[in-house]
Amino acid sequence: MARICLIGGSGFLGRNVAELLVREQHFVVIPARRRERVKRNLITLPTVDVVDADVHDDATLDRLFARCDAVINFAGVLHSKPGSPFGPEFARTHVQLPRRIVAACERAGVRRLIHVSALGASPSAPSEYLRSKADGEAAVLGAASKIAVTVFRPSVVFGPDDSFLNTFAQLQRYLPFIAIAGAEAKLQPVYVEDVARAIVASLNREESFGQTYELAGPTVYTLSELVHYAGTVAGCARSIIPLGNTLGMLQARIMECGLLKQLLGRQLLSRDNIRSMQVPNVSNAPFPFGITPTPLETIASSYLTGVFPRSRYSAFRYRAGRSPGFMQR
């Protein structure tokens, strides 16, 4: 049994990794800003300890990493106030936090660090999000001579409880039509459990040390196709109105308004998100460790209709060569 700390482990991907680690009988420590807000099914996992902690504090990281064999960093934010080369929230979470984690690993003697970045991360990317992700990667890979590090770059991740396809479906339940910026943006969605399996499989693989892996699903879609698919499967398909760059940026500017964010409970879109979509979120890299990526339709067709328990069985059927029909393109 290893002791593994998951930074950002209470999020969508982190929860799936935690489940796999528990199945393999590892002990998992998950820091959270507010433990009472963490999903109950995570807290009740038998070898998971969810603790209140501020991961941006060095002394707290030292306590969290004490006696740990490995650290996995999932921390990320989608929105930030603007800045150069990136905004303060991006800098704090995507750059400064990885640097703190590396330093804390060195102080605590942690010899294994896995870092989750994003497909398309680059110092020259058009968005602050992708540029900050690239700087975070650099901080982690720069420690490769002292720590066994691995970086994963997933495309947009889907699965039950995602905030991706579920959001598209929910919007179409309440709106008469959907106006979207970046309608022709190319995405290659990857199943959350495939990403989790790759991360867990890499833990003890020496060939993964110092490597960067791009994780993408088997099919490339446009954003418009994915919105249409989510609405169709959920039984509430609406007309889709593509917005050009000027109108798309105006829409994003409106959604950045504090009052609208309060009404919606979160921010759905920003101008920086649109800049990120200018980079095709796709990859030709093979999926690592012998994992076959699961087609989106195999999973999403279950949970978008509200039949959540069937989604994993659909994945099992696909891997056994008995997959359901795919989305007509």
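The rules we used
- Residues numbered from 1 in each chain as written.
- Predicted model: local features only at pLDDT ≥ 70, side-chain atom pairs only at ≥ 80, totals over all residues.
- Heavy atoms only, no water.
- Disulfide = S-S within 2.5 Å.
- Buried < 20%, exposed > 50% of the residue type's maximum accessible area, 1.4 Å probe, protein only.
- Patch = residues over 30% accessible without salt bridge, like charges linked within 9 Å, V, L, I, M, F, W, Y side chains within 5 Å.
- Areas by Shrake-Rupley, 256 points an atom, 1.4 Å probe, with all protein chains shown as cover.
- Salt bridge = Lys/Arg side-chain N within 4 Å of Asp/Glu carboxyl O.
- Helix = DSSP H or I, 4+ residues; strand = E, 2+ residues; numbered from the N terminus.
- Phe/Tyr/Trp six-rings, centres within 6.5 Å; stacked < 30°, edge-to-face > 60°.
- Core = buried A, V, L, I, M, F, W, Y, C linked by side-chain atoms within 4.5 Å.
- Pairing = 2+ DSSP bridges.
- Right-handed = clockwise from strand over helix to strand, strands pointing away.
- pLDDT = per-residue confidence, 0-100.
- Contact = heavy atoms within 4.5 Å.

## Some details on the state of the cysteines
Here's step 1: This model, assessed by the stated rule, comprises 0 disulfides.
Here's step 2: The structure places no disulfide on Cys68, whose sulfur is separated from the nearest cysteine sulfur, that of Cys5, by 5.1 Å.
Here's step 3: Classification of Cys68 by relative accessible area gives buried; the value is 8%.

## Brief notes about a nonpolar patch on the surface
Here's step 1: Together, Leu247, Leu250 and Ile254 make up a nonpolar patch on the protein surface, roughly 300 Å² of accessible area in all.
Here's step 2: Along the polypeptide, Leu247 turns up in helix α9 (residues 245–255).

## Some thoughts on the packing of aromatic side chains
Here's step 1: One pass over the structure, following the stated rule, counts 5 aromatic pairs.
Here's step 2: Note on Phe164 and Phe168: the rings are 5.3 Å apart at their centroids and 65° apart in plane angle, and the pair reads as edge-to-face. The same class applies to Phe164 as to Phe168, namely buried.
Here's step 3: Grouping aromatic residues by their ring pairs yields a cluster made of Phe152, Tyr213 and Phe289.

## A look at the nonpolar core
Here's step 1: Formed by 61 residues in total, the largest nonpolar core has its most connected members in Leu6, Leu13, Val17, Leu165 and Ile199.
Here's step 2: Per element, the largest residue contribution to this core is 7 residues, and it comes from helix α1 (residues 12–23).
Here's step 3: In this structure, Val55, Phe65, Leu97 and Val102 belong to the second largest nonpolar core, which totals 23 residues.

## Focus: the pairing of strand β4 (residues 70–73)
Here's step 1: Across the two faces of β4 the burial is the same, with Ala70 and Ile72 and Val71 and Asn73 all buried.
Here's step 2: Relative to β4, strand β1 (residues 3–7) is paired through 4 bridges, and the arrangement is parallel. Residue pairing across strands places Cys5 opposite Val71, the latter belonging to β4.
Here's step 3: Both β4 and strand β5 (residues 112–116) contribute to a ladder of 3 bridges, which runs parallel. Note that in β5 the partner of Ile72 across the bridge is Ile114.
Here's step 4: Crossover handedness for the path β4 to helix α4 (residues 88–108) to β5: right-handed.

## Considering the confidence of the model for the chain
Here's step 1: When pLDDT is averaged along the chain, the result is 91, and 92% of the positions lie at 70 or above.
Here's step 2: Taken together, the stretch residues 307–311 has pLDDT below 50 and engages in 8 contacts with residues farther than four places along the chain or on a different chain.
Here's step 3: A low-confidence stretch, residues 322–329 stays under pLDDT 50, and its non-local contacts, those more than four residues away or across chains, total 16 contacts.

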